[in-house]
Amino acid sequence: MKALQYTAYGRSPVVNDVPEPVPGPGEVLVRVAGAALNPLDVKIGAGHVQEYFPITFPSTVGTDLAGTVERLGSGVTGWSIGDAVITRTDPTAGGAVAEYAVVPATSLVAAPTTIPLDAAAGLATAAATAWQAVTEIAELKSGQKVLVHAGAGGVGSFVIQLARRAGAHVVTTASSAAAEIVRKLGADEIIDYTSVDFRTAVSDVDVVVDSVGGETEARSLDVLKPGGLLVSLPVPPDFERATARGLRAEFVFHASDAERLAKVVAVANEGFDIVVDRTVRLSGAADAFDYLAQGHAKGKVIVQP
């Protein structure tokens, strides 16, 4: 079969011919309908997160996939051949951007019925991370004001929708080119970060969800109300700086969790939009990976075998 693989740290991945995997006890072979690329995949390939997610070369790219059950390993119950599923693999295992993938049966979740199966792969990390940030950490409530950085991004697009679902007033940063996207997702206010310092456009914020980091994180403290919360996604925030200003800060370390993903799917079945920047075939996956690495994708990049 074909698979997109890392061959060395710091090199663009390439599409290789590899043996079709065979499910062992407790595992399932999934015929992949779609795999979603994530910024974490870029970090893994660059070697920036070796301490947390070491890989052995060659290693198949990707954690997020959707597809149908093709074969059951021994001892697997609760799933049948042909079931539509989504899952997130362990980042050290990868395996998503391929024609077939072997995954633990316990990691599988029934795919949503309201979203095309290939695009549903985009829920596995991005939407589940947004759920963790909005529902588990921030515990957003009706009437609160939230600032979402990079609202047209993979995670940000889901944060907007979950925040609106919680009844919050949603302010987001986005380029003018992405303004219509975030408006349709439910943003109440849009700040064009390319021309406006968001600190002059919003204040008295209860929660900031930041998927950008760096100076954006530091400046976000200026718009929070006393006791307000900064939720950081890319890297751990400066906890001491936040505390010194009477603010709170939390870091979202997202791990694969089938129970959480099932909650996300339940929401998706009630009505959830997945912003897809582009869908490419596996033969063009290396170029899609490099495109994502540039950091300007609006929503998800989906690879179809």
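What counts as what
Residues numbered from 1 in each chain as written. Predicted model: local features only at pLDDT ≥ 70, side-chain atom pairs only at ≥ 80, totals over all residues. Heavy atoms only, no water. Pairing = 2+ DSSP bridges. Helix = DSSP H or I, 4+ residues; strand = E, 2+ residues; numbered from the N terminus. Right-handed = clockwise from strand over helix to strand, strands pointing away. Axes fitted to C-alpha atoms, helices over the stretch in contact; angles between N-to-C directions. Parallel < 35°, antiparallel > 145°, perpendicular 65-115°, else oblique. Contact = heavy atoms within 4.5 Å. Nonpolar A, V, L, I, M, F, W, Y, C, P; charged D, E, K, R; others polar. UniProt positions renumbered as here; feature names shortened; annotations may be inferred. Expected span 1.5 Å × (residues − 1). Buried < 20%, exposed > 50% of the residue type's maximum accessible area, 1.4 Å probe, protein only. Arc of directions from axis to C-beta. Polar contact = N/O pair within 3.5 Å; in protein donor to acceptor, adjacent residues only side chain to side chain. Core = buried A, V, L, I, M, F, W, Y, C linked by side-chain atoms within 4.5 Å. Phe/Tyr/Trp six-rings, centres within 6.5 Å; stacked < 30°, edge-to-face > 60°. Salt bridge = Lys/Arg side-chain N within 4 Å of Asp/Glu carboxyl O.

Engineer: Just to check I follow, could you spell out the pairing of strand S15 (residues 276-281) for this structure?
Structural biologist: For a regular strand, side chains alternate in direction, first toward one face of the sheet and then toward the other. Bridging between S15 and strand S16 (residues 300-304) involves five bridges; their strand directions are parallel. Looking at the pairing, Thr279 lines up with Ile302 of S16. In this fold, the crossover linking S15 to S16 by way of helix H9 (residues 285-293) has right-handed handedness.

Engineer: Can you walk me through the packing of helix H1 (residues 39-46) against H9 in this structure?
Structural biologist: Helix packing geometry: the angle between the two helix axes and the distance between the axes. The N-to-C vectors of H1 and H9 enclose an angle of 100°; their axes lie 9 Å apart at closest approach. In terms of their interaxial angle, H1 and H9 are classed as roughly perpendicular. Residue-level inspection shows Pro39, Asp41 and Val42 of H1 in contact with H9, the latter providing Phe289, Leu292 and Ala293. Taken together, the residues that form the contact of H1 with H9 break down as five nonpolar, no polar and one charged.

Engineer: Would you take a moment to explain the side chain of Thr216 for this structure?
Structural biologist: Structurally, the position occupied by Thr216 is in helix H6 (residues 215-220). Contact partners of Thr216, with chain neighbours within four places excluded, come to His149, Phe198 and Asp210.

Engineer: Explanation requested: the UniProt feature "domain: Enoyl reductase (ER)" (unreviewed entry) in the protein in the structure shown.
Structural biologist: Here the UniProt feature "domain: Enoyl reductase (ER)" (unreviewed entry) sits at residues 10-303. For residues 10-303, the helix share is 27%, the strand share is 28%, and the end-to-end C-alpha distance is 21 Å.

Engineer: Help me understand helix H8 (residues 258-271), please; the structure alone is not making it clear to me.
Structural biologist: One turn of an α-helix holds 3.6 residues; hence residues three or four places apart share an orientation. Taking 1.5 Å of rise per residue, 14 residues should cover 20 Å, and H8 covers 20 Å from first to last C-alpha, within 8% of that figure. For H8, the full list of buried residues reads Arg260, Leu261, Val264, Val265, Val267 and Ala268. Around the axis of H8, the buried residues are gathered within 165° of arc, so they sit on the same side. Exposed residues pointing more than 90 degrees away from the buried face of H8 are listed as Glu259 and Glu270. On its buried face, H8 sits against strand S6 (84-88), strand S8 (109-110), helix H3 (126-137) and helix H4 (154-165). Near the N-terminus of H8, the side chain that reaches the backbone nitrogen of Glu259, with its oxygen 2.9 Å away, is that of Asp257.

Engineer: Even after reading the chapter, I still don't get the pairing of strand S5 (residues 64-72), so can you show me in this structure?
Structural biologist: In terms of strand pairing, strand S3 (residues 27-37) meets S5 through eight bridges, oriented antiparallel. Within S5, the position partnered with Ala35 by the bridge is Leu65.

Engineer: Explanation requested: the sheet that holds strand S1 (residues 2-6) in the structure shown.
Structural biologist: Either a parallel or an antiparallel arrangement is found when strands of a sheet pair, and the pairing is made through backbone hydrogen bonds. Across the sheet, three strands lie side by side as S2-S1-S4; this open sheet has antiparallel pairing. The sheet is open, and its two edges are formed by strand S2 (14-17) and strand S4 (59-60), each paired on a single side. Of the pairings in the sheet, the one linking S1 to S4 comprises two bridges and is antiparallel in character. What sits directly across from Tyr6, in S4, is Ser59.

Engineer: Looking at this model, I keep getting lost on the nonpolar core. Mind explaining?
Structural biologist: General note: in soluble globular proteins, nonpolar side chains tend to be found buried as a group. Core analysis: the largest hydrophobic core is formed by 50 residues, its most contacted members being Ile86, Leu123, Val146, Val231 and Phe272. With seven residues, H3 is the largest single contributor of residues to this core. Residues contacting Ile86, with those up to four places away along its chain left out, are Leu65, Ala66, Ser107, Leu108, Val109, Ala111, Pro112, Ala120, Leu123, Leu261 and Val265. Formed by 35 residues, the second largest nonpolar core is a distinct cluster that contains Leu37, Ala96, Val280 and Phe289.

Engineer: Please explain the packing of aromatic side chains as it appears in this structure.
Structural biologist: Two measures describe an aromatic ring pair: the distance that separates the ring centres and the angle between the ring planes. In the structure shown here, the tally under the stated rule is five aromatic pairs. Between the aromatic rings of Tyr9 and Phe57, the centroid separation amounts to 4.8 Å while the plane-to-plane angle is 85°, which identifies the pairing as edge-to-face. Taken together, the positions of Tyr9 in the loop between S1 and S2 and Phe57 in the loop between H1 and S4 put the pair 48 residues apart, joining distant regions of the chain. You can call Tyr9 partly exposed: its relative accessible area is 27%.

Engineer: Any chance you could explain the environment of Val159 here in plain terms?
Structural biologist: Residue position: Val159 is located in helix H4. On the basis of relative accessibility, which here comes to 0%, the residue Val159 falls in the buried class. Counting along the chain gives 105 residues from Val159 to Val264, while the straight-line C-alpha distance between them is 12 Å. Excluding anything up to four places from it in sequence, Val159 contacts Ala130, Val134, Val148 and Val209.

Engineer: Hey, could you run me through the pattern of salt bridges in this one?
Structural biologist: Oppositely charged side chains can form a pair if their charged atoms are brought close together. A complete count under the given rule lists 15 salt bridges for this structure. Here Arg31 ties to Glu70 by a salt bridge, and the two come within 3.3 Å at their closest N and O atoms. With Arg31 in strand S3 and Glu70 in strand S5, this residue pair connects regions lying 39 residues apart in the sequence. Taking the relative accessible area as the measure of exposure, Arg31 reaches 39% and is therefore partly exposed. Given a relative accessible area of 28%, Glu70 falls into the partly exposed group. Linking Asp188 and Arg164 is a salt bridge whose minimum nitrogen-to-oxygen distance equals 3.4 Å. Placement of Asp188 in the loop between helix H5 (179-185) and strand S11 (189-192) and of Arg164 in helix H4 is noted, with a sequence separation of 24 residues between them. Three or more residues joined by partner-sharing salt bridges are found here, namely Asp197, Arg199, Arg219, Asp222 and Arg245.

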